[in-house]
Amino acid sequence: MRIDVVTIFPEYLAPLELSLVGKAHRAGLLDLRVHDLRTWTTDRHRTVDDTPIGGGAGMVMRPDVWGEALDGLLGDDGAVELLVPTPSGERFTQRTAERLAAVPRLVVACGRYEGIDARVAEHYRARGVPVTEVSLGDYVLNGGEVAALVVVEAVARLLPGVVGNPDSLVEESHGAAGLLEYPVYTRPPQWRGHDVPEVLLSGHHARIARWRRDRALERTAERRPDLVARLPADALDADDRRL
Ligand SMILES: CN1CCN(Cc2ccc(Cn3ccc4ccc(-c5n[nH]c(N)c5C#N)cc43)cc2)CC1
């Protein structure tokens, strides 16, 4: 999979050269390329923004500079998806990450200021490019770079060979079960007067699995009742319903 990230702050994406994503990049499992949007400016001040038409505070990113940058990165063969982080986007979820992990090429357009001129997304949609506008959540960031870091990491870890133990991708929070993750522990069994739950030391796998599911259900009901409400009717068995 190839991911191109376009930004006026390329150094913001430097953390992607660390850890798993960096290893995947170096191993050739992920072709990650970061581009400075100012490369495509033509004036001596390398201008990427202008005042908003219709008035309002702040500045808007110019369509012409973005067009020059994206024309070079987006074909019109549909094999490339344009991802635009924005406060007004659809919520980015694990389902989004799973879908994007199957896309051959992704171009992430990181806006700044008040955002990117709306005609940019409109133009590439009209040219048949799949364009997805995503938001990380209901809070305000200063630009799309943090979202790009999140998207690249969430997608890259789903690519074959990136995560050492693929089983760890199965039992994940917000995974197929739709529940939050159960609490995890490691050694020592006693730490500052806090003991690991006895059942986890029992070696009784069925009881451990039951305990973990119970804790996941309790956590989800307590912290994310919206996820419980979305569970399919057959998701909870009789044991679950005793809680
Ligand atoms: C007058 N009002 C009219 C509404 N605007 C709204 C607004 C517009 C842009 C920005 C800054 N910004 C620029 C590009 C960009 C991309 C993503 C995100 C982003 N924020 N939160 C998420 N979950 C994000 C994601 N993903 C923010 C971005 C902030 C606030 C304010 C002024």
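Predicted, not measured: the structure shown is a model, and the values here were computed from it. (Residues numbered from 1 in each chain as written. Predicted model: local features only at pLDDT ≥ 70, side-chain atom pairs only at ≥ 80, totals over all residues. Heavy atoms only, no water.)

Colleague: Before we go on, may I ask you to explain helix H6 (residues 205-223) in this structure?
Modeller: Two residues of an α-helix separated by three or four positions point the same way, owing to the 3.6 residues in each turn. Between its terminal C-alpha atoms H6 stretches 26 Å, which fits the 27 Å expected from 19 residues at 1.5 Å a residue. Of the positions making up H6, those classed as buried are Ile208, Arg210, Trp211, Asp214, Arg215, Ala216, Leu217 and Thr220. Where H6 is buried, its residues meet helix H7 (225-229) and helix H8 (238-241). (Helix = DSSP H or I, 4+ residues; strand = E, 2+ residues; numbered from the N terminus. Expected span 1.5 Å × (residues − 1). Buried < 20%, exposed > 50% of the residue type's maximum accessible area, 1.4 Å probe, protein only. Contact = heavy atoms within 4.5 Å.)

Colleague: Looking at this structure, I do not really get unusual backbone geometry. What am I missing?
Modeller: Both trends apply: most residues other than glycine have a negative phi, and most peptide bonds are in trans. Residues Arg187 and Pro188 are joined by a peptide bond in cis, for which omega reads 5°. Examined against the element boundaries, Pro188 turns out to sit in the loop between helix H5 (145-156) and strand E8 (190-191). Backbone geometry places Arg46, a non-glycine residue, at a positive phi of 55°. Within the secondary structure, Arg46 sits in the loop between strand E2 (31-36) and strand E3 (49-50).

Colleague: Can you help me understand the side chain of His35 in this one?
Modeller: Residue position: His35 is located in strand E2. A polar contact of 2.6 Å, which involves the side chain of His35, links it to the side chain of Asp4. Once you skip the residues sitting within four places of it in the chain, His35 turns out to touch Asp4, Val5, Val6, Thr7, Trp40 and Leu73. (Polar contact = N/O pair within 3.5 Å; in protein donor to acceptor, adjacent residues only side chain to side chain.)

Colleague: Sorry if this is basic, but what is going on with the site of the ligand here?
Modeller: Around the ligand there are 19 residues in total, and Glu114, Ser135, Gly137, Tyr139 and Leu141 lie nearest to it. For the ligand, a nitrogen atom lies 3.0 Å from a polar atom in the backbone of Gly137. Between Tyr139 and the ligand, the recorded distance is 2.6 Å, taken from a backbone N or O atom to a nitrogen atom. Taking 660 Å² as the accessible area of the ligand by itself, protein coverage stands at 71%. Ranked by residues supplied to the shell around the ligand, first place goes to strand E5 (residues 80-91) with three residues. Of the residues belonging to the shell around the ligand, the class tally is nine nonpolar, eight polar and two charged. (Near = heavy atom within 4 Å. Areas by Shrake-Rupley, 256 points an atom, 1.4 Å probe, with all protein chains shown as cover. Nonpolar A, V, L, I, M, F, W, Y, C, P; charged D, E, K, R; others polar.)

Colleague: Please clarify how the nonpolar core should be interpreted in this entry.
Modeller: Grouped together as the largest cluster of nonpolar side chains are 29 residues, with contacts concentrated most on Val5 and Leu30. Breaking this core down by element, the ones donating at least two residues are strand E1 (2-7), helix H1 (19-26), helix H3 (94-100), strand E6 (105-109) and H5. Considering each element in turn, this core owes the most residues, eight residues, to H5. Here Val5 is in contact with Leu13, Leu32, Arg33, Val34, His35, Val108, Cys110, Ala148 and Val152, once residues within four sequence places are set aside. By size, the runner-up hydrophobic cluster in this structure holds 21 residues, among which are Val6, Ile8, Val48 and Tyr124. (Core = buried A, V, L, I, M, F, W, Y, C linked by side-chain atoms within 4.5 Å.)

Colleague: Would you mind showing me how to read the confidence of the model for the protein here?
Modeller: A low pLDDT score tells you not to read the predicted coordinates there in detail. Overall, the prediction assigns the protein a mean pLDDT of 93, with 95% of residues at 70 or greater. The ipTM for the predicted assembly is 0.97, set against a pTM of 0.92. (pLDDT = per-residue confidence, 0-100.)

Colleague: Help me understand the sheet that holds E6 in this model?
Modeller: Strand pairing in a sheet takes place through backbone hydrogen bonds and is either antiparallel or parallel in direction. With parallel pairing, five strands are arranged side by side in an open sheet as E2-E1-E6-E5-E7. Two strands in the sheet have a free side with no partner beyond their single neighbour: E2 and strand E7 (131-135). The sheet shows a mean angle of 25° between the axes of neighbouring strands, direction not considered. Bridge analysis of E1 against E6 gives five bridges, and the strand direction is parallel. Paired with Asp4 across the bridge in E6 is Val107. (Pairing = 2+ DSSP bridges. Axes fitted to C-alpha atoms, helices over the stretch in contact; angles between N-to-C directions.)

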